[in-house]
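Here are the chains, one letter per residue:
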Amino acid sequence: MTHPAAAQALLTPDTAADTLKAWQARGAELTALNHQIGLGKPEQFIGRSGIEVFRAMLAGEMPRAPISDTLDFFLVEADVGRVEFQGRPQFAHYNPLGTVHGGWIATLLDSAVACSVHTALPSGKTYTTLELKLNYVRALTEKVPLVRAIAQVIHVGGRTATAEGRLVGPDGKLYAHASTTCLVMDLGG
């Protein structure tokens, strides 16, 4: 079995270009839906499992979070226990050293790992982040046209849930990875 990091290293320039085109196409597809920016209404969450909430977001039935507009990233894929967010590193995200600020990377990964937990929750449950752990692997600049934060659940229990995620470019390069622990609780409780 090939380790995921080793598999990423096997990408060719042609594969990276194809991946970038696929990511751009998915971004254009979602942009064409003209998703609203805002907050979901409480009644939109009632009776829906976490994955149903995310499917509604992807379909444009529920708005996407304001932070996604501010920092230029958005949800592009969701399945039970797994999500992908896509972001575009920009000069506006730079720190004084001339690279993308770690806070932008942290926000993107935090969104992905926490939302992967949300997708695995049943109706009537919600969560909040207890811990976020990040490892930065290499500097990120606007020369990288798009990145994906890919996250998956490790464990969902009655009171806590854990997940992990990676921030990668279309060429498979790893920029950062994260893990989270979330507190699971009753919605409205």
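What counts as what
Residues numbered from 1 in each chain as written. Predicted model: local features only at pLDDT ≥ 70, side-chain atom pairs only at ≥ 80, totals over all residues. Heavy atoms only, no water. pLDDT = per-residue confidence, 0-100. Contact = heavy atoms within 4.5 Å. 1 Å grid on protein atoms, 1.4 Å probe; cavity = no way out; pocket = protein on both sides within 12 Å on 5 of 7 lines; lining within 4 Å. Points joined across faces, edges and corners; volume = space filled by probe spheres on them. Helix = DSSP H or I, 4+ residues; strand = E, 2+ residues; numbered from the N terminus. Nonpolar A, V, L, I, M, F, W, Y, C, P; charged D, E, K, R; others polar. Buried < 20%, exposed > 50% of the residue type's maximum accessible area, 1.4 Å probe, protein only. Pairing = 2+ DSSP bridges. Axes fitted to C-alpha atoms, helices over the stretch in contact; angles between N-to-C directions.

This part is about the confidence of the model for the chain. Low-pLDDT stretches of the model should not have their predicted coordinates read in fine detail. With 93% of its residues at a pLDDT of at least 70, the chain reaches an overall mean of 91. Across residues 1–9, where pLDDT falls below 50, the model places four contacts with residues more than four positions away in sequence or in other chains.

This part covers the layout of surface pockets. Taken as a whole, the largest pocket holds about 740 Å³ of empty space. As for the largest pocket, its lining consists of 29 residues, of which Met57, Pro63, Arg64, Ala65 and Phe85 are closest to the centre. Sorting the residues of the lining of the largest pocket by element identifies helix 2 (13–32), helix 4 (50–58), helix 5 (66–70), strand 1 (73–79), helix 6 (102–119) and strand 3 (125–136) as the ones contributing at least two each. The leading source of residues in the lining of the largest pocket is helix 6, at five residues. Of the residues in the lining of the largest pocket, the class split is 17 nonpolar, ten polar and two charged.

With respect to burial, strand 2 (residues 82–87) is a largely interior element, five of its six residues being buried. Bridging between strand 1 and strand 2 involves six bridges; their strand directions are antiparallel. Opposite phenylalanine 74, over in strand 2, you have glutamine 86 as the bridge partner. Connecting the antiparallel pair strand 1 and strand 2 is a turn made up of two residues, with glycine 81 showing a positive phi of about 80°. Examined bridge by bridge, strand 2 and strand 4 (residues 147–156) share six bridges and lie antiparallel to one another. By the bridge assignment, glutamate 84 is partnered in strand 4 with isoleucine 150.

The antiparallel open sheet is built from six strands, whose spatial order is 1-2-4-5-6-3. The two strands at the open ends of the sheet, each matched to only one other strand, are strand 1 and strand 3. Within this sheet the neighbouring strands show an average axis-to-axis angle of 20°, counted without direction. Bridge count for strand 5 (residues 160–168) against strand 6 (residues 174–186) is nine bridges, and the pairing is antiparallel. Bridging from a neighbouring strand, arginine 166 pairs with histidine 177 of strand 6. Here helix 6 sits on the sheet and contacts strand 1, strand 2, strand 3, strand 4, strand 5 and strand 6; the angle it forms with strand 3, its principal contact strand, is near 140°.

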